[in-house]
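Spelled out, the chains give:
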Amino acid sequence: MDAVRLIAAGRHALAQSGAAWDIVGEAWQAQALAQGVGGYLAVTGPPEMRAEARGLGEAGSRGCGVLDRAALQGEGSAPEQPPRAAQLTGVVDVRQALLGLQALLGEVGIALVGVACGTDDETLYWLCIESIDAADESSDRVRAILRRMTVRERGSASGVA
């Protein structure tokens, strides 16, 4: 499945999440998508963007690791489903996928802030704080790739390769 569709599904699922651990599970899903999109672009993207894409994949992986630890400790129901990212078959429109991923990561961060502010569970609170940081790092990586794309496109438009 194309990245844009998977990201849209993630945004929809996050919007439908109500319980704290459902939101944490969607944060895990978003990080898995960041890892998948980053890994895909690191292999198939233009050479000048591969380093940033590899960084996105690594940031997504670290974000998944934060949330995997909680699941292994039995702190909640997250994550109980395989990652949507396992369905990733391509990134047809790189810019749209990255813009969608950036929006998803921002929405995840906002949702996690809500969970952190509304919980009395110290473990859940700190998990949310770490997950917010991970989403922010992944978002920074997406922004770097988008900047690189803009520079490349401007260079192409002015005749500079």
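Residues numbered from 1 in each chain as written. Predicted model: local features only at pLDDT ≥ 70, side-chain atom pairs only at ≥ 80, totals over all residues. Heavy atoms only, no water.

1. Re helix α4 (residues 94-118)
Counted at 1.5 Å a residue, the expected span for α4 with its 25 residues is 36 Å, and the 36 Å between its end C-alpha atoms agrees. Looking at where α4 begins, the residue whose side-chain oxygen comes 3.4 Å from the main-chain nitrogen of Arg-95 is Asp-93. (Helix = DSSP H or I, 4+ residues; strand = E, 2+ residues; numbered from the N terminus. Expected span 1.5 Å × (residues − 1). Polar contact = N/O pair within 3.5 Å; in protein donor to acceptor, adjacent residues only side chain to side chain.)

2. Side note on the nonpolar core
Counting 43 residues, the largest nonpolar core has Val-24, Leu-98, Leu-101, Leu-104 and Val-108 as the members making the most contacts within it. At the level of secondary structure, the elements contributing two or more residues to this core comprise α1 (3-16), α2 (20-44), α3 (50-72), α4 and α5 (122-157). Looking at this core, the element that brings in the most residues is α2, giving twelve residues. Contact partners of Leu-98, with chain neighbours within four places excluded, come to Val-37, Leu-41, Leu-56, Val-142, Ile-145, Leu-146 and Met-149. (Core = buried A, V, L, I, M, F, W, Y, C linked by side-chain atoms within 4.5 Å. Buried < 20%, exposed > 50% of the residue type's maximum accessible area, 1.4 Å probe, protein only. Contact = heavy atoms within 4.5 Å.)

3. Regarding the packing of aromatic side chains
Inspection of every chain in the model, using the stated rule, returns one aromatic pair. Plain terms: the ring middles of Tyr-125 and Trp-126 are 5.0 Å apart, the flat faces sit at 85° to each other, and that makes the pair edge-to-face. (Phe/Tyr/Trp six-rings, centres within 6.5 Å; stacked < 30°, edge-to-face > 60°.)

4. Description of the pattern of salt bridges
Scanning all chains against the criterion turns up eight salt bridges. With its nearest N and O atoms 2.9 Å apart, the salt bridge here joins Arg-148 to Glu-52. Here the residue Arg-148 occupies a position in helix α5, and Glu-52 occupies one in helix α3, the gap between them amounting to 96 residues. You can call Arg-148 partly exposed: its relative accessible area is 36%. Counted as one network, the salt bridges with shared partners bring together Arg-62, Glu-137 and Arg-141. (Salt bridge = Lys/Arg side-chain N within 4 Å of Asp/Glu carboxyl O.)

5. Concerning the side chain of Ser-17
Considering the arrangement of structural elements, one finds Ser-17 in the loop between α1 and α2. What makes Ser-17 buried here is its relative accessible area of 16%. At 2.9 Å, the side chain of Ser-17 and the backbone oxygen of Ala-13 are in polar contact.

6. Topic: the packing of α2 against α4
Here α2 crosses α4 at 155°, and the two axes come no closer than 10 Å. Judged by the inter-axis angle, α2 sits roughly antiparallel to α4. Taken as a pair, α2 and α4 cross one another with a handedness that is left-handed. Residues Ala-20, Ile-23, Val-24, Glu-26, Ala-27, Ala-30, Gln-31, Leu-33, Ala-34, Val-37 and Leu-41 of α2 form the contact with α4, whose own contacting residues are Val-94, Leu-98, Leu-101, Leu-104, Leu-105, Val-108, Ala-111, Leu-112 and Val-115. Of the residues belonging to the contact of α2 with α4, the class tally is 18 nonpolar, one polar and one charged. (Axes fitted to C-alpha atoms, helices over the stretch in contact; angles between N-to-C directions. Parallel < 35°, antiparallel > 145°, perpendicular 65-115°, else oblique. Left-handed = near helix turned anticlockwise from the far one by under 90°. Nonpolar A, V, L, I, M, F, W, Y, C, P; charged D, E, K, R; others polar.)

7. Comments concerning α1
It helps to recall that an α-helix has 3.6 residues per turn; residues three or four apart then point in one direction. Along its 14 residues, α1 runs 20 Å from first to last C-alpha, staying within 8% of the 20 Å computed at 1.5 Å per residue. Inspection of α1 places Ala-3, Leu-6, Ile-7, Gly-10, Ala-13 and Leu-14 among the buried residues, and these make up the whole buried set. For α1, the arc enclosing every buried residue in end-on projection is 125°, short of the 170-degree limit, so these residues lie on one face. Residues of α1 that are exposed and point more than 90 degrees away from the buried face comprise Arg-5, His-12, Ala-15 and Gln-16. Contacts made by the buried residues of α1 are with α2 and α4. Where α1 begins, one side-chain oxygen reaches toward the backbone nitrogen of Val-4, 3.2 Å away; that side chain belongs to Asp-2. (Arc of directions from axis to C-beta.)

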